[in-house]
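# Descriptive structure summary
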Protein chains: 4
Amino acid sequence: MNSTIVVPEEVSAGEPHAQARMRLLVSCPDRPGIVAAVSRFLSDADANIISLNQHSTDPAGGTFFLRVEFALPPERREGFAERFGLTVADHFGMTWRWWDAAQRKRVAVLVSKHDHCLVDLLYRWQRSELDADVVLVASNHPDSRHTVEAAGVPYHHVPVHRDDKPAAEAKLLELLDGECDMVVLARYMQILSSEFLDRVGVPVINIHHSFLPAFAGAGPYEQAKQRGVKLVGATAHYVTEELDAGPIIEQDVVRVSHADDVPTLIRLGAEVERAVLARAVQWHCQDRVLRHRNSTVVF
Amino acid sequence: MNSTIVVPEEVSAGEPHAQARMRLLVSCPDRPGIVAAVSRFLSDADANIISLNQHSTDPAGGTFFLRVEFALPPERREGFAERFGLTVADHFGMTWRWWDAAQRKRVAVLVSKHDHCLVDLLYRWQRSELDADVVLVASNHPDSRHTVEAAGVPYHHVPVHRDDKPAAEAKLLELLDGECDMVVLARYMQILSSEFLDRVGVPVINIHHSFLPAFAGAGPYEQAKQRGVKLVGATAHYVTEELDAGPIIEQDVVRVSHADDVPTLIRLGAEVERAVLARAVQWHCQDRVLRHRNSTVVF
Amino acid sequence: MNSTIVVPEEVSAGEPHAQARMRLLVSCPDRPGIVAAVSRFLSDADANIISLNQHSTDPAGGTFFLRVEFALPPERREGFAERFGLTVADHFGMTWRWWDAAQRKRVAVLVSKHDHCLVDLLYRWQRSELDADVVLVASNHPDSRHTVEAAGVPYHHVPVHRDDKPAAEAKLLELLDGECDMVVLARYMQILSSEFLDRVGVPVINIHHSFLPAFAGAGPYEQAKQRGVKLVGATAHYVTEELDAGPIIEQDVVRVSHADDVPTLIRLGAEVERAVLARAVQWHCQDRVLRHRNSTVVF
Amino acid sequence: MNSTIVVPEEVSAGEPHAQARMRLLVSCPDRPGIVAAVSRFLSDADANIISLNQHSTDPAGGTFFLRVEFALPPERREGFAERFGLTVADHFGMTWRWWDAAQRKRVAVLVSKHDHCLVDLLYRWQRSELDADVVLVASNHPDSRHTVEAAGVPYHHVPVHRDDKPAAEAKLLELLDGECDMVVLARYMQILSSEFLDRVGVPVINIHHSFLPAFAGAGPYEQAKQRGVKLVGATAHYVTEELDAGPIIEQDVVRVSHADDVPTLIRLGAEVERAVLARAVQWHCQDRVLRHRNSTVVF
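### Quick look at the overall build of chain A
- Scanning chain A from N- to C-terminus turns up eight helices and 13 strands.
- Taking 299 residues into account, the globule formula puts the C-alpha radius of gyration at 19 Å, and chain A, at 21 Å, falls close to it.
- Across the 299 residues of chain A, 45% fall into the buried class.
- Expressed as a percentage of contacts within chain A between residues at least 6 apart in sequence, the contacts between residues at least 24 apart total 69%.

This is the structure in structure tokens:
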């Protein structure tokens, strides 16, 4: 059985009389009747579907993806997940998880010196534009402490010494342990080891300052100038072991010309970076992103 | 009862053993259980949902819109529509229609002198990029006859005399009667009367050469130059009695500068016009567009 | 004689041995020889042209616009403007001004409750991305005081009482007098009187939250939702007596859909507003914008 | 001396009394006085500058690029080029060429099976939107003969046999010899040898169906789907010996999603390809593109 149950702890603790807004995410081999089975289950549980998105890579033999957002009366939440597992998920061989929309995701941000993405995320959070909370920031530089603490967020300076990177990663893991639901690399210029990625236990999203797969690796704007491209871009992706090669969540570009030197590319690119990262983080926090092999379905 | 049945004639004539691909479009007052009821009905009819989109203007007291594309075994098509009406649609007070995806919509194009949108539609049709067939072209000018006939489409020259517009409209209605499922105004520079719109009996889509509601009426590029805008655009919309004020299906823009004179705006705008109109026609022909008051839901 | 000399006070006070980077802006009736005359004058003064842009509305009888950026040896600055006036400008009937690029423009910002444009301008200024200095902020609300003062900028709360708007304008004029080279209305939701505009004596740039001329006036996002447009935008323009009708400097749009409610339009629009306003302010501060009737030439 | 004179034959053959519109293109080591020297030369020749663009990669030690469009009285054309060479170009070590704007460039198009770029170029040419003439089309397939001949353009079927590519290239060189000013590869799916590029003697522009340098080589849309990118694009570039690595003239992208399969990417990409190629060809034909190492300056 390949179905996976991820039940947030708070599920049974909600306010007793309010309708909870839940999100159900499913992937499974495609076959007839999935939407009907899910929506019948929800209807039988007096759940009201608020939005439903589905995608199939191929109706014949492909993979089916589903996201349903629904309102569930509090008295129907008891045993809801178990019943879904038994009566629907197992039958279709689903990998699934659900999430209480009221439970805002806790975001940890790692940053180095360039703070434009960090500042942007903090500002969106303060304006209540982010369906998540920034709970801590860690950096290999001390520079952004004032900005972060002024926003009421703890700032941890975790220097990275060239000859002892594992020590820095261990320190980060200690800080992050149990504190966050996702990690955002908001221009964190250190490569994280696969051990770190294994042990951190939550999704890690990175913003790369190029339109991947063009200009992976270091100095993408210098590479872009060298190659004479007419657009520069940014890519938000899940971090995997292979550098700059994880599943892409969002990308965008901006037009440039021969007249733009590298500092100008960097400035123009920074606009795209912060916009692209903000969209990717928001979509992830709204449970809109499903991974499929090395790509994503974004509902 | 406000439900409306539109059953295409060919529904029972399909190839006997093939799965038909059908589209169901629904709008009704929003309330819990609609998706469940529809998907249960489809499941009970052995239909396999291929895609499903829904939208609610407001879960409390708003209007609900649904588009489902599904495969239906041929032996289940007999009486399908009647059963849906009785068991689902009436219960929810639905306005609904369905359409066999194999039945390509028949498009009549009206054009004046500027032929870029016409040429583009013909080319997309010839490349099989349009889920529709261009079945006739009519124009108040003789200019495009060669282009149209070379594509194997009948061309009708219907001159419009300033002092007898009703005669031209009567001639057009005669040509269109029963021949088409929609009319596209591909830069047809005559204003159609409300009598014509009433009598034509099929949706009429127009391309207006501005980003509506800016620059409605005549000479939009001249108006745009006069106002000094930095973007010019185009708008595809359903035609209603009120000029350039019908529900918008699609819009797009292109960047311009002080250096672009009116002929250049016209040339740049023509690119946008043909792209916007092609998208609007394609979406309409795929039954992706539902009207809601004076706007549209595009799935 | 219609030539106008605007010589910044600091012109003769620059560092003695450095090459000054100057900008010359010219408009005049078009006729042959203007570029040659200007560039010959600059060459004779040992000035090195760094960039040169020109535009003519019509080579026959139109208006000619020129922007030249050049490096001028300090020992050649004495009398430079007077000589240019006598030997070139008067001959061609030029309206002209020049500006020392090293002299950063002083920007005063007026804001109401929505602070996204203000915060963005402050952030760009702090990152040295703005070729200008934010020297003061005034608001009819007290809300942004902390943000502004944290950036080291004076914040003035100038309440506007419905029955005594002139008092507020008088207070603003007093604050602004001699303190700034331009005023930016970064979502300042009060209409300024023509008396104010006359007396303030510097250019005033406003950001309007729609793609003008669509949705001028109040509540543009509500108007946009009502009309069902598929793109929303923002417009930066010079403020004139007529509301939302001044010369447009920059515009941009973002795609929206039926699924976006008014708060979402506001959030998406805010992204465009801050980007458009930042570009307009930057271009103005780099002396790239020339007014021509009710439109602009942006070099 | 590194200055190069390219004088079009027709220069002295123009209509005797008309003002000729000429374009001068220059590149040279940057140093003070270049614009002044050129504009003084033009002024002394009674030439009227219509537009002037310049760019320097670095005012100190960089390369300077200039494009001037000017009107020249016919009686001043005699010896114009020689004088410019002697009095200006040699002095500054310029590489330069000029071109009579009235002399439309002759374009040869090579195409394989996908005809969307070809059809688009023909249509723009027929609408007089291209400042060039399509003089011949050659293809390794017979498919587009009807389309091309209907436009009044000769069509040459030059099959390419896997075991004798040189024969096909020889045949093409024979067809092109002296007949065209540039060659456009409008989705020509054969790799041209460096011998061909040497011998063809005119610039060759290719449209690659990806946002280079991402997805160079074969099957870019398949590569894009595999990688899960959120934008697909197209790149027009000068062809050099190294496949898909020549100087980029223009690029653009279109947004795609997980729901788009490879045929849809191909269809969406085709829109971008034809737009990007048309812009690149037009700019080249207007002498707006200067090569600099492996990139371009586009005025």
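### Comments concerning the interface of chain A and chain D
- Listed per partner, the contact involves 22 residues of chain A and 22 residues of chain D.
- Contributions of two or more residues to the side of chain A that touches chain D are made by strand E11 (248–255) and strand E13 (295–298) of chain A.

### Considering the domain arrangement of chain A
All names here are of chain A.
- Annotation of chain A at the domain level lists domain 1 (9–100) and domain 2 (105–298).
- One C-alpha centre belongs to domain 1, the other to domain 2, and the line joining them spans 31 Å.
- Taken together, the contact between domain 1 and domain 2 spans eight residues of the former and five residues of the latter.
- Of all the secondary structure elements, the ones that give two or more residues to the side of domain 1 that touches domain 2 are strand E1 (20–29) and strand E3 (63–72).
- Residues of the side of domain 1 that touches domain 2, tallied by class, amount to three nonpolar, three polar and two charged.

### With respect to the interface of chain C and chain A
- Chain C puts seven residues into the contact, and the matching count from chain A is seven residues.
- Of all the secondary structure elements, the ones that give two or more residues to the side of chain C that touches chain A are helix H3 (116–126) and helix H8 (262–285) of chain C.
- With three residues, the top contributor of residues to the side of chain C that touches chain A is H8 of chain C.
- Of the residues belonging to the side of chain C that touches chain A, the class tally is four nonpolar, no polar and three charged.

### Focus: the environment of histidine 258 of chain C
- One can find histidine 258 of chain C in the loop between strand E11 (248–255) and H8.
- When the 19 C-beta atoms within 10 Å are taken as the criterion, histidine 258 of chain C is described as partly exposed.
- In sequence terms histidine 258 of chain C and isoleucine 248 of chain C are 10 residues apart; their C-alpha atoms lie 28 Å from each other.
- Ignoring sequence-local partners within four residues, the contact set of histidine 258 of chain C consists of His55, Ser295, Thr296, Val297 and Val298 of chain B.

### What to know about the relation of the copies chain C and chain A
- If you rotate chain C by 180° and push it 0.0 Å along the axis, it lands on chain A with an RMSD of 0.0 Å. Considering both components of the superposition, the chain copies are consistent with a two-fold axis.
- Taken together, the interface assignments show that 100% of the residues at the interface of chain C recur at the interface of chain A, consistent with an identical surface on both copies.

### So, the nonpolar core
- Grouped together as the largest cluster of nonpolar side chains are 362 residues, with contacts concentrated most on Leu121 and Ala186 of chain A, Leu121 and Ala186 of chain B, Ala186 of chain C together with Leu121 and Ala186 of chain D.
- Contacts of leucine 121 of chain A, omitting those with residues within four sequence positions, involve Val109, Leu130, Val134, Val184, Ala186, Ala278 and Val281 of chain A.

### Quick word on helix H3 (residues 116–126) of chain D
Residue and element names in this part refer to chain D.
- The buried fraction of H3 is high, at eight of 11 residues.
- Those residues of H3 not exposed but buried are His116, Cys117, Leu118, Val119, Asp120, Leu121, Leu122 and Trp125.
- Of the residues flanking the end of H3, it is serine 128, one or two places downstream, whose phi is positive at about 65°.

What counts and how
Residues numbered from 1 in each chain as written. Chains lettered and ligands numbered in written order. Predicted model: local features only at pLDDT ≥ 70, side-chain atom pairs only at ≥ 80, totals over all residues. Helix = DSSP H or I, 4+ residues; strand = E, 2+ residues; numbered from the N terminus. Rg over C-alpha atoms; globule rule 2.2 N^0.38 Å. Buried ≥ 20, exposed ≤ 12 C-beta atoms within 10 Å, placed from the backbone. Contact = placed C-beta atoms within 7 Å. Domains from an automatic or database assignment. Nonpolar A, V, L, I, M, F, W, Y, C, P; charged D, E, K, R; others polar. Least-squares fit on C-alpha atoms with pLDDT ≥ 70 in both. Core = buried A, V, L, I, M, F, W, Y, C linked by C-beta atoms within 7 Å.

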